[in-house]
Every structure is written in structure tokens, then in C-alpha cells.
Amino acid sequence: MTTPPTTGAAPQHHPGVLPLPQRGALLTTAAAALATAASTGLAWTWSSEFPGDLTYYGSPAGLQLITLAGGVLTLLFALSGLGVRGLGWLTPAGRTAPVLLAAIATFAATWFTLGAIAVQLGGLVNLEPGGFAAGAAALAALLGALGLPADRTAPAGRETGPAPGAWQRFTGALAPVPLRKPARALPYWGEILVIAAAFAAGLYVFTYGIDADDGPPFVGYLIFVVLAVPALQRAGLTSRLSEITARHRTFALTAAFVAAACFPLTQETDQYTIIGANILVFATVALGLNVVVGLAGLLDLGYVAFLGVGAYAAALVSGSPESALGLHFPFWAALLTGAAASLVFGVLIGAPTLRLRGDYLAIVTLGFGEIFRIAMLNLNGTTGPDVTNGAMGIPNIPNLEIFGFNFGEPHDILGFTIATYGNYYLLMILVTAFVVLVFRRAAASRIGRAWIAIREDETAAVAMGINSFRLRLLAFALGAALAGLAGTVHVHIVTTATPEQFQFAGPTPPNSAFLLAAVILGGMGTLSGPLVGAALLFLIPAKLDFLQDYQLLLFGLALVLLMRFRPEGLIPDRRKQLEFHETGQLDVPPDTGLPERDQAIGGTQAKA
Amino acid sequence: MTTFPSTAEPAGTADTTGTVLEAAGVTMRFGGLTAVRGVDLTVRTGEIVGLIGPNGAGKTTFFNCLTGLYVPTEGSVSYRGTRLSRKPHLVTKAGIARTFQNIRLFANMTVLENTLVGRHTRTKEGLWSALLRGPGFHKAERSSEQRAMELLEFTGLAAKRDHLARNLPYGEQRKLEIARALASDPGLLLLDEPTAGMNPQETRATQDLVLAIRDQGTAVLVIEHDMRFIFNLCDRVAVLVQGEKLLEGTSEVVQADERVIAAYLGTPFDDAPGAEEAAEVRAAEEARSGAAPGAAPEDSPPDAASGPATPEGGAR
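Since the model is a prediction, treat every value here as computed from it, not as a measurement.

**Q** Even after reading the chapter, I still don't get the pattern of salt bridges, so can you show me in this structure?
**A** Where charged atoms of side chains with opposite charge meet at close range, the side chains can pair. Under the defined criterion, the tally for this structure stands at 24 salt bridges over all chains. The partner of E141(B) in a salt bridge is R449(A), with the nearest N and O atoms 3.1 Å apart. On the criterion of chain membership, the pair formed by E141(B) in helix α5 (residues 135-155) and R449(A) in helix α15 (residues 446-456) is interchain, its members lying in two chains. Residue E141(B) is classed as partly exposed on the basis of its relative accessible area of 21%. In this structure, the salt-bridge partner of R214(B) is D215(B), at a minimum N-O distance of 3.4 Å. We classify D215(B) as exposed; its relative accessible area is 55%. Connected via shared salt-bridge partners are R44(B), E47(B), R236(B), K245(B) and E248(B).

Below you can see the structure in the form of C-alpha cells.
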């Protein structure tokens, strides 16, 4: 009864991993998910030594909140699958895959928590009955979800050859399916509310991650988010949301910025707002790099040098006592100086190198990035003129002051106290907004089209009358100027400009390799992709500090896995998605596909 | 199909009867290899000129010399009396647009975006205009889009404006390439094997399209191996063999010339073995083409040019 009627012969769903009746499996999952959520009200351990203090009855805390969220999510998806009225909107696409993924996420996060308690406190004896109850309930929910039939259907009357193995049935159950029916149109204010709610939820999830203690709480959070986000996606919620935001792009952008600007208001101390401010710097530079890599298709491996040029230029005119120039420009002038210096540097590097193509350009930019760093090291008074103070850098950069508003002091805004980094965070939001505006407008114009054309096929672009060299130089210069802009704020946040901040690769962002990773991971050529990618790439290493030497190893592994399973990036450009997944021809109307009958014929022929 | 919008005058229309393209003594050497040797070619307004020759004769190299992708070693190329720059994008700006032998669309852009890229030289809005978004920007974008849509309607692709170019069927990709080239309002259109790989219906549709383009005042220079296509369409045909122009003239002159046949098929021996079999095959071919509906027997050249599109696969 939960299967929507399909035209033609009744298609059969691929079987689930475990042979269970569908309704029974759904009911089991729902009940077990409810039990999992309820178990977070119990104490999981007796000692408050485990981070988050999971010893209270009736008040979930720390990692229990993750399990609670997972249980509720699984329950909601399962109820939606059962056909409960009013919950159908939760699963516009798949029904099994979201339940299964949510159950897996809950199971993984819960068992991780229990394992972490046992390991950290030394033995299973530290678990209270509540912990065992939670583990058992999460396992039951997972088993129930494994009994659900796959969303995908096989045409009726067609033998499927040998029965698929358990692993095939498992991957089949996780496979994405397209939206079942066009969504019911919401009224205008309804869509606006949906966008607002989505961004509020996003802010909450992000804030929770930033505030999570390093160590097990953050790892548990990460495990859960990595598995739960695909659940939302399989359910079709993300595509529904992107449909809606595409209709209200300006509002969605504004909502995103308002949500982001609310972040410092949620923070009591400056401990995490500095991470937020650094993420914004990193994300802004990544977006600038996206102009160069994503739009114009120029692989730039030395991009962090432009951030460095902006930072050094701003440091020199910042009024720092160590500055060789000893100038103190007002902020707007420093901002322009940083951007202009980067622009000039970009043109100087670009003019000779952009005559190269592809790999050659990548290697030359890599070289220039290192040249910049080494030049800054050597302009120290002994091996060169005294400009940058060498490895010591330019320290003691004073806080900004705009119209008497000193960024170094806490200020009360709307009853919230915003301290130093909160101030910089808010300033950086404005800079990011400006860069977003530039990116959007440049991409959707004659210039942006020419960039994409050059990326797609340079010879053809030239034959269409595009002056390839000039446009590539323009992309390079624009990208450099945007990075320089971010650099001016960056240097005030870190208060010291040193050459070591601007390396090709290193364990912490920003460096050229991480910037490129942020762009590719997030989604080349898109607006939100690099922003999301940069946030993740900054947050995860910052929070996984306790792994020390293994941090980069795991990080690299995660990148490899992501590129294997989602080469188009987290937030893909429509073009890229089509490029990497040939079968998903999203822009072709469904009626152009082969009719079911032909596929069946093809199948029989293939068997014959 | 017939309503070609005439809002766009070909760039720099000074005279409507004069010479559009004049190539004089174009020579292209790659090291010791001379790919094109001293080729002269003139295209006048309202003409369709064909360029044929066996594979490797230097046709595409000659095209690349015309459009600035290659800088000719010797010789000059003029468009409407002014000598062309050696930068390909300036050649396009001057008014020569081209398509490619292997389709070179912007595969991951939509049909409309592809055509809009073709408008690049005819619009001026730079980065500042794009960032500031004044009224001029919106006006230019609107008029570009309008012109692009006119061209898509002309080529019959309007319904697929939002499809990615890579998802179009082969024949429509060819059409889109032509629409994209036309978007730069050229006075001369260079088509490099526009019907390669097409079925007969698609070839006929392309033929109609090329005639419609000519009727709107754009001269066309076309490389093609499909002889029926060439001789149906072209006012004049030039034959390129081993980098040199063998012959230039009307279809009849070229079809009748023994040297052309020899260039494609090689010279028969005296008392050639298998001559009888060849005569039989020819008789059968003629009988078949005479019986086939839609074929044009009066166009069939005596020998080489009849039959399938690639006669040069023959007896060398």
C-alpha cells in the first residue's frame, strides 16, 4: 500500500537485504527508532568523566543529542514510509534509502559513543543499562531498515537472472531514485518560510559542530552528519530545497548571510568565533579561486600567494610598529591597497604565464607561489632589502578601527556581547558578501560565458571571437584581487604576517592545496560549493587536532573517498553532475527515455 | 526555416556584389612538409563555394590559414578588401565564422549559451558592466538573447534551448555549431564537412539550411566529401590535391575533369586487370541510382563522384 501505483505492468521492487515483510519491517524500524530516541533520556554511563556528561536521567546531553536526533529522523522517515498523513512531504523521492541511511547513521553514532565510553573509561563495565538499551534499540532499527525493499523497481515479468547477493541488495537499497512526482507548489510565503527554516537548521547544525568538544563528541557528530546528509538527499529533500532556493535566489542568499551573521550571537566566548572568522577568510579566498579554476578552468597551484600579497600589503600600511613603511591607512584605504597590490601581482604573474596551457600553467603557478613565500623570507635586511622582516614577519598589527568602532574591544549589539573575533567575523561577512556578489554577477554575464567557453574548448572559443589571453588574464586578475581583499582582513585577524602562512601545502588551511581541495570538494564553478567545502576543510582539521600525525592521513583518505563517490563535489554544478554521471541526464525530459518495453527487449536480447 | 532574421547586417557591408574573401598565394609549411602551396581562392558575395580534395589534400589546413588558427608561411588573406589579422579572434570579429570538422561545441553549456558565446564579438559589455549591472547591461543581454533565439528558431533548435549541447543528437550538434557561427553575424561562413556522418535526410536538411544562409547574404565556403551535396549546392568548386589547387570551376567543369577523378581514384593502367568487372559494377550502380527515388541521376558524374560519400577510399 505504500508503493505508488505505476503505469503499465506492476514493477517489482528489488528485495531488501533481510527477508522481512515490508510493513513489519517499517513498523519494527519505527518502534526501534522511537526506543532509541527514548533511550537518550537514560544515563549511559555512571561517570561524568566522559565529555558531555551522559549521567543524567531525563536530560539528553552531549553525544546523546546526536542519537536523539538520529532516532527522531529515522522515526520520521519510517512513519512517512508507512503513509502517515502529513509526513509524505518528508520523502518525495526514495522511501527506503533515507530510512536505511538514517538508521545506519544513528547506529554508527550510538555504537561509536558506547565504544568511546568503554575505551576512554576502560571497559564495558562503565556503561549503564541505558547505554545497552540505546545500543540494542539502534541495532533493532538498523535490522528493521535492512528488511525494507529497495526503492528501485525492476520491470515486471522480467527474470533478473541469478538472485542478487547481500551486498548487491544493500547497495540497491541505497541507490538514489528520482523524485516521484512534481512537488505540490507552496504559496510564496511558504517557500520563504521553508528557506528560512532550512538555513536556521543549517546554522544550528554548523554551530553544534563548532561548539562540539574536540575528541569523541566531534567525531560522533562527524559520523552522524556524514551519514545523515545522504539520507536527506536520498529522500529528495535536498533537491526539493534547491528547487525552492533556485526560485528565490536572492532571498536564499540573504537568508544564508543572515544565518551566518547570527553565528557570533550564539557564542559566549571568542574561542570558536575565531574559527568562524578564519573559515570566512578561507571560504572567500576559495570563492576567488573558483573564478580562476571553476569558471575559466585555469589550474592555479600558487593561489595562496595572492592572499599573502594582500596580507603583506595591508600589514605594511596597518600602522604596525614593525612595518618598514610605518604608514597607518584607514581601513578602506588598506582594503583597496591590499586588493590593488594583489591585482598588480596577478597581472604581473599572469601576463607571462597565461600563454601556457594546462599542466604547464599549473607548474608555473606552483613555482610563483613558492617564489612569493621565499621572497618574503628573504626581504629581511640581510639577504635583501628590509621590507618584510623575514621569517619574523610583521607582528603587532593593531586592531582595526572604523568610524571609532574599535575591533579589539567587545561591543554590545542587540543585547549580545560581540568580542574581537566576533567583530572581525561580522566584517568578514561583509567582505564575503561582496565577493559572492562579484562572483554571481561575473559568472552570469558575457564575460562569464566566455570564461566557461574557454574552459570547455579553447580553440572553439577563440574561433568564436573570444580573446582568450585577455579573458584568462582578466579571470586571473579578478581572482587575485578578491584574494587580496580577504588577505587584508586575514592579517588583522591573525595580527602577524609571516611567510609560513602562505605555503603550497601544510597541515592547516589556508594553503594552496587546501584552497584547491575546497573548490573541487565543494563543487567547481558553483557559488555555494567552495563556501561549504572551505567550511568543512577548515573545521574538520581544526577539530581533529587530537589525532595529530594521523590527521592528514585520515584527511587524505576522506578526500580520496569523496572523489571516488562524488567526483562532482558536494554541491555540484548541473554541468559537472552530467559530466560525471552520464546516465543522469537531468535536463532531458523523462519522455525521451527508452520506453519500458524496449528496455525489456534489450534485456532479453542481452540474455540470449 | 525560411525566415532568416535580417536584423544583423554582415559586418562591414560596403558593397553587396564585391569580393568577400580573397586568398592569394597561401602557402603553409610545417618544417619540411608543405601542406598548402600557393593557393588562390576568391569568394564573392552571395556565393557558395565548395572545396574538395582527397584526404590529406590540405583543405582543413587551408581553412585554418583563413581563420588565423595557423599563420600562413606565405601569401595573404583579405576579407572585403582589408588584409586579415593573424589573430583568430580578430578574424571572427572581422566577419569570418567557421565550424569544425570534429564538432567542437561547448559540451557542458546549454544550446542557448553556446549561441550566446557566438555573440561575443558583437557585444561589448565588459567586467565592469557585468558587475555594476546598469541598464545598458540588461539591454545588451536581452538583445543578444533575442538574436540567439532567432538563430535557434532558424536552425530548428529553439525547443531545445536549455539542453546541454552534449545531450543533443549528432545532427543537431552540427546545426548548433552552425547557429553558433551565425551568431557572430559573419559575412562569410566556413563549413568544414558539415554533413560528415549524417544520413541522407539530415544531409538534405543541411543543404536547405546552407541555401537559406546564402539567401540571407552570407557567403559560404564549404569543405565536403559528399559529392552530391557539393555539386547540388555550390556555384563554384575548387579542387585541392596535395596542397595545390588543381582546378576551379562550376560543378560541370569539375565533374568532367579527368584529373579530378585521377586524384581521387588514381589512374587506371592500360589493359587494366579487372576493367570488365569495374564496368559491370558501374552499370549496376547507375541502374540502382536511376531506380532509387529521390536520387538525381542527372547529377551523377560519370565516375568518381557518384555513389557514396568517400570515393577516395579507392584504388590507390
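**Q** Is there a simple way to think about the sheet that holds strand β1 (residues 19-30) of chain B in this case?
**A** Pairing between sheet strands relies on hydrogen bonds along the backbone, with the strands arranged either parallel or antiparallel. Residue and element names in this part refer to chain B. What the 4 strands build is an open sheet, ordered β2-β1-β4-β5; its pairing is antiparallel. The open sheet is flanked by β2 (33-44) and β5 (82-83), the only strands paired with a single partner. Inspection of the sheet shows β1 paired to β2 by 8 bridges, in the antiparallel sense. Paired with L21 across the strands is V43, a residue of β2.

**Q** How do you make sense of the domain arrangement of chain B when you look at a structure like this?
**A** Frequently, the measure chosen for interface size is the accessible area removed from exposure when the parts meet. Residue and element names in this part refer to chain B. Domains assigned within chain B are domain 1 (19-95 + 186-313) and domain 2 (107-184). On the domain 2 side, the residues contacting the 18 residues of domain 1 number 12 residues. Taking both sides of the interface into account, the surface hidden between domain 1 and domain 2 amounts to around 1,200 Å²; carbon and sulfur atoms contribute 72%. In terms of surface lost to domain 2, no three residues of domain 1 exceed K93, P186 and L209, which account for 36% of the buried area on that side. At the junction of domain 1 with domain 2, the criterion picks out 0 salt bridges. The tally of links from domain 1 across to domain 2 stands at 3 residue pairs in polar contact (both at pLDDT 80 or more). Mapped onto the side of domain 1 that touches domain 2, the elements with two or more residues apiece are α2 (88-94), β7 (188-192) and α7 (200-215).

**Q** Just to check I follow, could you spell out the sheet that holds strand β3 (residues 48-52) of chain B for this structure?
**A** All names here are of chain B. Reading across the sheet, the 6 strands line up as β6-β7-β8-β3-β9-β10 and stay open at both edges, with mixed pairing between neighbours. Among the strands making up the open sheet, the edge pair consists of β6 (96-98) and β10 (244-249). For this sheet, the mean inter-axis angle between neighbouring strands, taken without regard to orientation, is 20°. Inspection of the sheet shows strand β9 (residues 236-241) paired to β10 by 5 bridges, in the antiparallel sense. From the neighbouring strand, V237 faces β10, where its bridge partner is G249. Across the sheet, α7 lies against β3, β7 and β8 (219-223), angled at about 135° from β3, the strand it touches most.

Conventions adopted
- Residues numbered from 1 in each chain as written.
- Chains lettered and ligands numbered in written order.
- Predicted model: local features only at pLDDT ≥ 70, side-chain atom pairs only at ≥ 80, totals over all residues.
- Heavy atoms only, no water.
- Salt bridge = Lys/Arg side-chain N within 4 Å of Asp/Glu carboxyl O.
- Helix = DSSP H or I, 4+ residues; strand = E, 2+ residues; numbered from the N terminus.
- Buried < 20%, exposed > 50% of the residue type's maximum accessible area, 1.4 Å probe, protein only.
- Pairing = 2+ DSSP bridges.
- Domains from an automatic or database assignment.
- Contact = heavy atoms within 4.5 Å.
- Buried area = accessible area lost by both parts, 1.4 Å probe.
- Polar contact = N/O pair within 3.5 Å; in protein donor to acceptor, adjacent residues only side chain to side chain.
- Axes fitted to C-alpha atoms, helices over the stretch in contact; angles between N-to-C directions.

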